[in-house]
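Residue strings, one per chain:
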Amino acid sequence: FVIARSEATKQSLHQRGDCFGQKNTALAMTVKKQENNRMKIAKIISLLGFLAMTAVLIYGFTVGDFSGEGSQLMKMPWGIVSLVDLYTGFTLFSMWIIYREKSLPIAIAWTIAMMTLDFFAGTLYAFLALQASNGDWRKFWMGKHA
């Protein structure tokens, strides 16, 4: 009885398959479109971050006193907290880079860039990784492991 019922169910589903197939295709297209929109938003955010970092680095180096202001920063408790926070973020981001990159020398170069150029390098890396992923979030996050 169970086998006969399951065969009848299969035939019934097969006969209605066109309807389900069309709905599934439309749903898949909607999901793909949403994923493409999310990828586009991520690219825009990373590119805006890169442009913002470019502007503030130019501002800081042209108007500020890097060594004088840096030494003042190290005398303030919240300056120290900010630097520890910053370098913790750099380290975590660099671990992601090392995990996902195919080439260890390239991963090391990006890590050095992160530690010296801050998120100027990080936003550029994220943008390039988004571009290289061709819309595949798994490839973006996992890199060589995708």
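Heads up: the structure comes first, above all this text.
A. Inspection of the pattern of salt bridges at higher detail. Tallied over the full model, the rule gives two salt bridges. The partner of Glu35 in a salt bridge is Arg38, and the shortest N-O contact between them spans 2.8 Å. Here Glu35 pairs with Arg38, and both are found in helix H2 (residues 17–63), just three residues apart, close to one helical turn. Using a relative accessible area of 24% as the deciding quantity, one classes Glu35 as partly exposed. Glu101 is the partner of Arg100 in a salt bridge, and the nearest nitrogen-oxygen pair spans 3.8 Å. The same class applies to Arg100 and to Glu101, which are both buried.

B. View of the packing of aromatic side chains. The tally for this structure, following the rule as stated, stands at 13 aromatic pairs. Relative to Tyr125, the ring of Trp110 lies with its centre 5.0 Å away and its plane at 70°, an arrangement referred to as edge-to-face. Pair noted here: Trp110 is in helix H5 (residues 104–117) and Tyr125 is in helix H6 (residues 119–132), with a separation of 15 residues, a long-range link. Overall, Tyr125 belongs to the buried group, its relative accessible area being 2%. When the centroid spacing of 5.8 Å and the interplanar angle of 90° are considered together, the rings of Trp137 and Phe140 count as edge-to-face. Highlighted residues: Trp137 and Phe140, both in helix H7 (residues 137–142), separated by three residues, approximately one helical turn.

Thresholds applied
- Residues numbered from 1 in each chain as written.
- Predicted model: local features only at pLDDT ≥ 70, side-chain atom pairs only at ≥ 80, totals over all residues.
- Heavy atoms only, no water.
- Salt bridge = Lys/Arg side-chain N within 4 Å of Asp/Glu carboxyl O.
- Helix = DSSP H or I, 4+ residues; strand = E, 2+ residues; numbered from the N terminus.
- Buried < 20%, exposed > 50% of the residue type's maximum accessible area, 1.4 Å probe, protein only.
- Phe/Tyr/Trp six-rings, centres within 6.5 Å; stacked < 30°, edge-to-face > 60°.

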